[in-house]
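As a plain string of letters, each chain reads:
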Amino acid sequence: MKHTKFILLCSLLFLLISCKPGKTQYVIGVSQCSDDEWRQKMNLEMQHEALLHKEITLDIQSANDDTDKQIRDIQRFIDRRVDLIIVAPNEAAPITPIIERAYSQGIPVVLVDRKILSSEYTTFIGADNEQIGKDVGRYIVKLLNGKGNIIEIRGLDGSTPVEERHRGFAEVIAGYPEIKLLYSADGAWLKNVAESKMEEALAAYPVIDLVYAHNDRMAAGAYNAAGRKNRTADILFVGIDALPGKDGGIEQVLANKLKATFIYPTNGERIIRLAMDILQGKPYEKNNTLYTSIVDETNAQILKLQTDAIIEQESKIKFLDTQMNAFLVQHTTQRYLFLSAIFVIILFIAFFILLFRAYNAKNRLNIELEQRNSEISEQKVLTEQQRDQLIELSKQLEKATHAKLVFFTNISHEFRTPLTLISGPVNSLLSDKSISAEQRRLLDLARKNIKILLKLIDQIIDFRKYENGKLSLNLSMHDLKKQFIEWNESFTEMAKNRRLHFEFNVLSDVGFQLLVDIEKMERIYFNLLSNALKFTPEKGAILVSLDKTSQEDATFAVIQVTNSGKGISDEDIQHIFNRFYQVDSHVAGSGIGLALTKAMVELHGGDITVNSEKDGWTKFTVRIPFANKVANTDNTKSETGPAERQIELLEENTATHNEAFFEEETPETNLCTVLVVDDNPDIRSYVKIVLHGKQYMVLEAADGKEGFCKAVKHIPDIIISDVMMPKMDGVELCQKLKAELSTSHIPIILLTACSLDEQRIIGFQSGADDYIAKPFNSDVLEVRVANLIESRKRLKELFSENLFSENISNEGNDLDRSFLSKLKELIEKNLSDSELNVEDLGRHIGLSRTQLYRKVKSLTDYSPNELLRIIRLKKAHHLLSTGEVNISEATYDVGFASPSYFAKCFKDYYNESPTDFVKRVR
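Residues numbered from 1 in each chain as written. Predicted model: local features only at pLDDT ≥ 70, side-chain atom pairs only at ≥ 80, totals over all residues. Heavy atoms only, no water.

**Side note on the environment of Gly221**
- When you line up the elements, Gly221 lands in helix H8 (residues 216-228).
- Gly221 gets classed as buried once you look at its relative accessible area, which sits at 0%.
- In the structure, Gly221 is positioned 29 residues away from Asn192 in sequence and 6.2 Å away in space, judged by C-alpha atoms.
- Not counting the four nearest positions on each side in its chain, Gly221 is found in contact with Lys191 and Glu195. (Helix = DSSP H or I, 4+ residues; strand = E, 2+ residues; numbered from the N terminus. Buried < 20%, exposed > 50% of the residue type's maximum accessible area, 1.4 Å probe, protein only. Contact = heavy atoms within 4.5 Å.)

In structure tokens:
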């Protein structure tokens, strides 16, 4: 511990030595209106001054005479929260709002050279432009001896320097009537624009004594324009800025291009010093005026020498600053390296001391560690053995659980077949009005127990879906209060029989319209009440309440089911919602009811809790949200209808069926043939009973293999097949029939006890036209059979209408369309062959005479001979209508052996003889 403190002390000492408190850093944003020589000089002076203040960082942006760009630059400074903004406004009016915005957000604003149309800024520094205008005016009056013609070229209109300089100048010359201001134009501070304006003035005014430009650049442009007209000798030029360097105002005076220029002070150093006073809280003036002076041939040379010397000194200062920075970096690096070396030495000494003490401690601990290692090794072996046992037990438990679920699911599917054979006859008997009241009561009892058994079967299947993560919701709006009152009727009689007090209370007057899966809500309610009935002793009480509560911006419907009894222990409560867990092994149950209830509640976005007192009341509380958050994601409808939907179908009145069996024979012409394929003879018999007397002839097959043979032989109008059968299952049968040319058109209904969605998908992928889950309602079966046959008839009519057109209809499956196209092509190719018959067509297509007859008849409602004759007549009709052939030639061209037979067929089909048709056409 002492050595740790020593190391920390050394580290702290190093930090104190190596770190010095730094000055506050400032970021100053500079927005210049342009990038002319005057602005460049100001920027350079500010940068030189900033070198003396290391805490300053300058960010200089130029608008290049673009007001919109200057506004964007200032907005960027505001967004970055710079410490101070220096602005030379391009135009006063447009820039004023953005300056006011920066000022209102607490950012100091220094206006340079130009003002805005507001007083909301921190300070202004610059020359008095109005005074400069007056000084220029006085100089010109003196230079012209009080008379002459003047041209004024202004800067960019809208900027305050232009307005002030013009105002001061105009005020002075107004006192001299003989001085005429002939022309005043906006030169936009630019040389090329000034040249253009000067050319206009030269063209308009033959006598010009002096040109006054608001800056030296525009004065130089005016001089160039006059030079091109050879008029520089009689015109004087006066500018403002007096900048040093090449093409500056001083150089132009020395070159006799300008008579004079007035110094417009930049004072970049003073601007930075003023900014630092503001940032450091020192006193400053609101308005800081800079003064001007004239430069002419008397002092231009001296000023040039002075400015050249200043520029040279500035270059030296910049060079020395660069060198000093390099030396400071080198010094700082060496200092940190030295201090780091000292720190490393101190750490090394401390580490060596710690290492020495650790070595001694290690020797003392080695013996203890060896003893502990042996103990840990023994514990490790024991732990690994226990872990392997737990893993093995877990695998066995998982396998057992899976096997149990698979067994329950499969046995549930098997229950559906006998339930079909029970529910169908029961419903048929209930529809008979001649039965006695006692018989009706017993049949109602049987139907009610069928309903309960179906609920239990669907509960097992839903639990399997929940285990596989495929349990979904079918959401719709329902009134829970109304539904609970209806559902309570099923339990009221049972409670009376057991002498239980059953009470239902609605504790809130608000409506209970909720977006829920009503079948699953009934399952939840059914399970909770069944559980309460199961564990409530005789003469006990069951209380059900429906209420509304709000929590964290969400509103819930609260369902509470409370029953008296011996209560549930705390240990049992912890596991009560686990699958296959039973509180009392002496009470019958599957152990999945509450687990499934919890899953369905949570699927609705709700929750379920239980509270119990020993030898007292037990209360289950369910909360379902009014605004179901899973509505957009889980609103998927299961194709297999839930148990209640099937029960509603089972409870519909079915017509009385005569129990009669039919001999397997070739169907009569006025009956539709139905082939029933099922390995259960009772199912086959029941389907026969259902369809008897409904204009159907029923054929039977005990498995898929036999069903395929009979389908090929008899070509039925529709096939009803089970899925799970020996030798060949229903899916394989469906695939083979749809792939066979002679049977591909036959609609197929798959009838199965398996109601899982995966099985339905496989069935439809195999080509099935419909899918009915057992137990099925007889009326539903009849309607679906009739609908499929009617749909096939409409398809037959469509094929018949389009058969003689250029293209076969796109309806039906690909195999049928291909068959008709091939048949039509074969007939048209051999149309002139009078020996062409049905046997020839069947041989070319690959079907027997009987199969070809049934296939063509089922698809087009024509026999092959009728089809052949109609195609021949259509072709003859076309030939005769063109007038290219006579009746005799047309007869033999389309394959008729006798003209008289052709004439008879033509008249039968078209209601006029070939001779009359030819006359009418001509």
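**Re the confidence of the model for the protein**
- The predicted model of the protein has a mean per-residue pLDDT of 79, with 83% of residues at 70 or higher.
- Low pLDDT, under 50, characterises residues 17-21; the predicted model gives this stretch six contacts beyond four residues in sequence or across chains.
- Ignoring residues within four places in sequence, the model shows residues 631-668, a span with pLDDT below 50, making 92 contacts including any to other chains. (pLDDT = per-residue confidence, 0-100.)

**Some words on the packing of helix H5 (residues 129-143) against helix H6 (residues 160-173)**
- For the pair H5 and H6, interaxial distance at closest approach is 7 Å and the crossing angle is 35 degrees. Note on packing geometry: the crossing formed by H5 with H6 is right-handed. Contacts between H5 and H6 involve Asn129, Glu130, Gly133, Lys134, Val136, Gly137, Arg138, Ile140 and Val141 from the first element and Pro161, Glu164, Arg165, Arg167, Gly168, Phe169, Glu171, Val172 and Ile173 from the second.
- Classifying every residue of the contact of H5 with H6 by side-chain character gives seven nonpolar, four polar and seven charged. (Axes fitted to C-alpha atoms, helices over the stretch in contact; angles between N-to-C directions. Left-handed = near helix turned anticlockwise from the far one by under 90°. Nonpolar A, V, L, I, M, F, W, Y, C, P; charged D, E, K, R; others polar.)

**Examining helix H2 (residues 37-50)**
- Taking 1.5 Å of rise per residue, the 14 residues of H2 would be expected to cover 20 Å, and the 20 Å separating its terminal C-alpha atoms lies within 8% of that figure.
- Trp38, Arg39, Met42, Asn43, Glu45, Met46, His48, Glu49 and Ala50 are the residues of H2 that are buried. (Expected span 1.5 Å × (residues − 1).)

**A short note on the environment of Ile116**
- Relative to the elements of secondary structure, Ile116 occurs in the loop between strand E4 (109-112) and strand E5 (123-127).
- For the pair formed by Ile116 and Glu91, sequence separation is 25 residues and the distance between their alpha carbons is 8.0 Å.

**Looking at the sheet that holds strand E20 (residues 672-677)**
- Across the sheet, which stays open at both edges, the five strands sit in the order E21-E20-E22-E23-E24 with parallel pairing between neighbours. Of all the strands in the sheet, the pair left with one neighbour each is strand E21 (696-701) and strand E24 (770-773). Ignoring strand direction, the axes of neighbouring strands in this sheet form an average angle of 20 degrees.
- For strand E23 (residues 748-752) and E24, the ladder comprises four bridges, and the chain directions are parallel. Within the sheet, the bridge partner assigned to Leu750 lies in E24 and is Tyr771.
- Packing of helix H19 (residues 704-714) onto the sheet brings it into contact with E20, E21 and strand E22 (718-722), and relative to E21 it is tilted by some 140 degrees. (Pairing = 2+ DSSP bridges.)

**Some details on the pairing of E23**
- Across the five residues that make up E23, a large majority, five, are buried.
- Burial of the side chains of E23 extends over both faces: Ile748, Leu750 and Thr752 are buried on one face and Ile749 and Leu751 on the other.
- In the sheet, E22 pairs with E23 via four bridges, with the strands oriented parallel. Each bridged residue has a counterpart across the sheet, and for Ile719 the counterpart in E23 is Ile748.
- With respect to chirality, the unit in which E22 leads through helix H20 (residues 730-739) into the neighbouring parallel E23 is right-handed. (Right-handed = clockwise from strand over helix to strand, strands pointing away.)

**Considering the pairing of strand E19 (residues 617-625)**
- The buried fraction of E19 is high, at seven of nine residues.
- Relative to E19, strand E17 (residues 554-564) runs antiparallel, the two sharing nine bridges. Note on E19: the bridge partner recorded for Val561 is Phe620.
- As judged from the six bridges shared by strand E18 (residues 607-612) and E19, these two strands associate in the antiparallel manner. By the bridge assignment, Asp607 is partnered in E19 with Arg623.

**Things to note about unusual backbone geometry**
- Residue Asp65 is not a glycine yet carries a positive backbone phi of 65 degrees.
- As for its placement among the helices and strands, Asp65 is situated in the loop between strand E2 (56-62) and helix H3 (67-80).
- Of the residues examined, Asp65 reaches a relative accessible area of 28% and is grouped as partly exposed.
- Of note, Ile715 is a non-glycine position whose phi angle comes to about 45 degrees, a positive value.
- Locating Ile715 in the fold gives a position in the loop between H19 and E22.

**Topic: a nonpolar patch on the surface**
- A grouping of Ile345, Phe348, Ile349, Phe352 and Ile353 is seen on the molecular surface, where their side chains present a nonpolar patch of about 510 Å² in accessible area.
- With respect to the helices and strands, Ile349 occurs in helix H11 (residues 300-430). (Patch = residues over 30% accessible without salt bridge, like charges linked within 9 Å, V, L, I, M, F, W, Y side chains within 5 Å. Areas by Shrake-Rupley, 256 points an atom, 1.4 Å probe, with all protein chains shown as cover. Salt bridge = Lys/Arg side-chain N within 4 Å of Asp/Glu carboxyl O.)

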